[in-house]
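Chains, contacts and geometry: an overview
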Amino acid sequence: MSALIMHVDMDAFFASVEQQANPALRGKPVIIGGRDNKYHSIICAASYEAKALGIKNAMFSQEALRICPQAIFVPANTAKYVYTSNQIFTILKSYTPQVEKFSVDEFFLDITGSVGLFGSAENIAQDLKRRIRQAFGITCSIGVAPTKLSAKLMVKLKKPDGLLIVDRAQVLEILQDLPIEKICGIGPRLKKRFHQLGILTCGQLAQYPDDILDDHFGVTGLWLKAICLVQDHSAVEYFEEKNTPPKSVGHSQTLREVTSDQPYIRSWIYLLAEMVAQRLRQKGLQGRTIYFYASDGFEGGYAKRKTFHEPTYDGQDIYQRCLEIIRLLGQASLTVRVLGVSVSNLSAADSHYLFEEQNKRDRVLKAVDQINHRFGDWTVVPAALKAAVY
Ligand SMILES: [Mg+2]
């Protein structure tokens with residue numbers, strides 16, 4: 001049996017929490033901004049009433065108030081959202097210990113082992129929605145699919161207050177004619193490049209030859225294809241003890257074959273560093289110790305850990321530190337099949353990252369967020385990759 005991964009995403013979370021706390025805000029266009037000054041901040045959340053009038057996250061509040069002068073501006077109250085988020089987390093844990101807090105208002109649950117106990121995925125989902133509505137007066141959308149990203153996509157298609165439970169064949173069917181930019185959150189430039197190759201839909205990307213994708217987009221192309229094939233198998237990351245932070249955050253990747261192509265290897269290290277950084281920020285963590293390992297899959301490999309003075313949650317930093325470790329290993333040229341990057345010696349990061357992430361989050365699939373933000377240039381213009389990597 002394939003895995004049953006549930007994605008739970010609160011609907012317009014910050015705004016819903018505010019509307020619930022203050023009845024005067026209910027049914028009204030509400031915008032949540034990062035600072036007290038209503039004219040000089042960035043919108044980090046908007047109620048559905050505000051979204052219906054054209055307000056988008058990450059818009060400047062000035063612009064939002066011009067579009068919608070009747071919108072009610074509420075300064076963000078991070079503590080309130082984090083508190084509610086923790087309460088929701090506790091409810092989710094009553095269905096399975098395998099709950100990953102993906103962001104302040106998004107969670108992944110691996111319910112593969114829970115359906116026996118609760119009857120079905122549908123039962124769990126309906127029960128959860130009811131309990132969250134009763135406890136907090138807010139709604140959420142739920143998707144259940146074989147992988148994390150497909151579950152997340154199902155939620156996107158069904159918001160707000162939605163529920164969609166699908167198997168792999170159904171996901172593939174939905175993806176078949178879905179425009180490429182829908183699933184990937186791909187920006188206009190990357191979309192144009194896909195279109196130039198005749199790839200308009202996720203179904204077309206799923207069928208596209210690996211080598212051509214690799215030539216045009218590097219590893220991200222292969223990764224996006226895996227998403228379209230519902231083969232993005234990453235595990236739900238959960239921790240047995242509530243409130244116990246992870247000891248380390250890492251990512252590894254097995255390449256298709258052993259390679260000594262240094263730019264290719266470095267682009268993978270960069271991608272892994274970015275993925276680790278993003279996860280650190282999602283979890284509100286930063287770390288000082290970087291662990292890098294590489295193996296050719298046959299006779300061992302290289303591995304080294306180094307502790308730096310300054311903690312980091314920045315992908316570019318982590319990447320540079322990996323390069324430093326590679327220099328320390330005395331390896332001018334790597335031959336690898338498996339690469340891994342992890343960060344440990346973790347501590348709490350500055351809380352303003354919560355907002356920064358929140359702003360970005362709603363625009364794109366989180367897992368491909370970095371493609372637009374950091375990789376947009378190198379996926380589109382290979383020359384920029386060279387500039388970034390060397
Ligand atoms: Mg949400």
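In the block above lies the structure referred to throughout.
The shown structure was predicted, so the numbers you read here are calculated from the model rather than taken from an experiment.

Details of the overall build of the chain
When its secondary structure is counted, the chain shows 19 helices and twelve strands. When burial is assessed residue by residue, the chain has 43% of its 390 residues classed as buried.

Examining helix α7 (residues 148-158)
Most of α7 is tucked away: eight of the eleven residues are buried. Of the positions making up α7, those classed as buried are K148, L149, S150, A151, K152, L153, M154 and V155.

Concerning the nonpolar core
Within the largest apolar cluster, 68 residues are counted, with the highest numbers of intra-cluster contacts made by M6, I32 and L109. Here M6 is in contact with F108, L109, I111, A121, A125, I142, V144 and A151, once residues within four sequence places are set aside. Grouped together as the second largest cluster of nonpolar side chains are 30 residues, L272, I290, A294 and I318 included.

Concerning the sheet that holds strand β1 (residues 5-10)
Here five strands make up an open sheet; going across it, the order is β5-β6-β1-β7-β8 and the pairing mixed. Each edge of the sheet is formed by a strand with only one pairing partner; in this case those strands are β5 (99-103) and β8 (163-165). If you compare each strand with its neighbour and ignore which way they point, the axes differ by 15° on average. Against the sheet, helix α6 (residues 121-136) touches β1, β7 (140-145) and β8, its axis set at about 165° to β7. Those strands touched by α7 are β1, β6 (106-110), β7 and β8, and its axis lies near 140° from that of β7.

Re the packing of helix α1 (residues 13-21) against helix α4 (residues 78-92)
Two numbers describe how α1 lies on α4: the axes approach to 10 Å, and their chain directions differ by 95°. The angle between α1 and α4 places the two elements in the roughly perpendicular class. Note on element contacts: α4 touches α1 through K80, Y81 and T84, opposite F13, F14 and V17. Considered class by class, the residues forming the contact of α1 with α4 number four nonpolar, one polar and one charged.

Focus: the sheet that holds strand β11 (residues 301-312)
Read from one edge of the open sheet, four strands run β9-β12-β10-β11, paired in antiparallel fashion. Of all the strands in the sheet, the pair left with one neighbour each is β9 (248-259) and β11. Strand-to-strand twist of the sheet, defined as the mean angle between neighbouring strand axes without regard to direction, takes the value 15°. In the sheet, strand β10 (residues 285-295) pairs with strand β12 (residues 336-348) via ten bridges, with the strands oriented antiparallel. Bridging across to β12, I290 finds its partner in V343.

Looking at the environment of Q204
Here Q204 shows up in helix α11 (residues 202-207). In this structure Q204 comes out as partly exposed when scored by C-beta crowding, with 17 C-beta atoms within 10 Å. Sequence separation of Q204 and P179 is 25 residues, and the distance between their C-alpha atoms is 9.5 Å.

Topic: the packing of helix α14 (residues 262-282) against helix α15 (residues 315-328)
One way to put it is that α14 packs onto α15 with a least axis distance of 8 Å and a crossing angle of 135°. When the interaxial angle is binned, α14 and α15 end up oblique. Crossing of α14 against α15: the hand is right-handed. Contacts from I269, Y270, A273, E274, V276 and A277 in α14 reach G315, I318, Y319 and C322 in α15.

As for unusual backbone geometry
Glycine aside, residues mostly have negative phi angles, and peptide bonds mostly take the trans form. Cis rather than trans, the peptide bond between K159 and P160 has omega equal to -10°. In this structure, P160 sits in the loop between α7 and β8. Positive phi outside glycine occurs at A12, with the angle close to 40°. Residue placement: A12 occurs in the loop between β1 and α1. The phi torsion at N345 lies on the positive side, around 60°, for a residue other than glycine. With respect to the secondary-structure elements, N345 resides in strand β12. Its 16 C-beta neighbours within 10 Å are what place N345 among the partly exposed residues.

Comments concerning the environment of C140
Mapped onto the elements of the fold, C140 is located in strand β7. Here C140 falls in the buried class, since 27 other C-beta atoms lie within 10 Å of it. In this view, C140 contacts V8, D9, M10, D11, K129 and I132; residues no more than four positions away in its chain are not counted.

Criteria and thresholds
Residues numbered from 1 in each chain as written. Predicted model: local features only at pLDDT ≥ 70, side-chain atom pairs only at ≥ 80, totals over all residues. Helix = DSSP H or I, 4+ residues; strand = E, 2+ residues; numbered from the N terminus. Buried ≥ 20, exposed ≤ 12 C-beta atoms within 10 Å, placed from the backbone. Core = buried A, V, L, I, M, F, W, Y, C linked by C-beta atoms within 7 Å. Contact = placed C-beta atoms within 7 Å. Pairing = 2+ DSSP bridges. Axes fitted to C-alpha atoms, helices over the stretch in contact; angles between N-to-C directions. Parallel < 35°, antiparallel > 145°, perpendicular 65-115°, else oblique. Nonpolar A, V, L, I, M, F, W, Y, C, P; charged D, E, K, R; others polar. Left-handed = near helix turned anticlockwise from the far one by under 90°.

Function-wise, these values are silent; they only describe arrangement.
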